[in-house]
Amino acid sequence: MPDDVFKALADPTRRKILDELTERNGQTLFEICARLTTKHGLGSSRQAISQHLAVLESAGLIRTRRQGRYKFHDLTTEPLERIVTRWLKPDAPESTP
C-alpha cells in the first residue's frame, strides 16, 4: 500500500486536492473543481479531477459516501499515519555497556 500512497502524493494536483479536503472535508466533485479553479488557478476538467480522486481513493487517502444524488469525498489519514510511524518511531533506548 505505501507505493500507492507515494504515487498518489507525487502529483501536485492531488496534493492540492488533499489540501482542500483538509481545509474543508466532505466536498463534492463540483466543489473541489470550483475551489481548485478559484484558489489555485487550475483549469482542469471535471473528468481529470475525477481521475485524480480515483487515484487518491485507491491509495486509501480519501473515502467517498453518497447522499441522495451527491457523492462526497472525505480525507482519511490512516495511510499517512502508517508511513509516519514506520520511519519516525521513537528512538530505542541506548544500551549501556
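Residues numbered from 1 in each chain as written. Predicted model: local features only at pLDDT ≥ 70, side-chain atom pairs only at ≥ 80, totals over all residues. Heavy atoms only, no water.

1. Quick look at the side chain of Q27
Within the fold, Q27 resides in the loop between α2 (12-23) and α3 (29-40). What makes Q27 buried here is its relative accessible area of 0%. Among the polar contacts made by the side chain of Q27, one reaches the main-chain carbonyl oxygen of E20 at a distance of 3.1 Å. Filtering out sequence-adjacent residues up to four positions away, Q27 remains in contact with E20, L21, I32, R35, K71, F72 and H73. (Helix = DSSP H or I, 4+ residues; strand = E, 2+ residues; numbered from the N terminus. Buried < 20%, exposed > 50% of the residue type's maximum accessible area, 1.4 Å probe, protein only. Polar contact = N/O pair within 3.5 Å; in protein donor to acceptor, adjacent residues only side chain to side chain. Contact = heavy atoms within 4.5 Å.)

2. Remarks on α2
Under the 1.5 Å per step criterion, the end-to-end length of α2 is 17 Å for 12 residues, consistent within 8% with the ideal 16 Å. Every buried residue belonging to α2 is among T13, R14, I17, L18, E20 and L21, and all of these are buried. Projected down its long axis, α2 shows its buried positions confined to an angular sector of 160°, all on one face. Projecting away from the buried face of α2 at angles above 90 degrees are the exposed residues T22 and E23. Regarding α2, its N-cap is D11, as a side-chain oxygen of that residue lies 2.8 Å from the backbone nitrogen of T13 further along. (Expected span 1.5 Å × (residues − 1). Arc of directions from axis to C-beta.)

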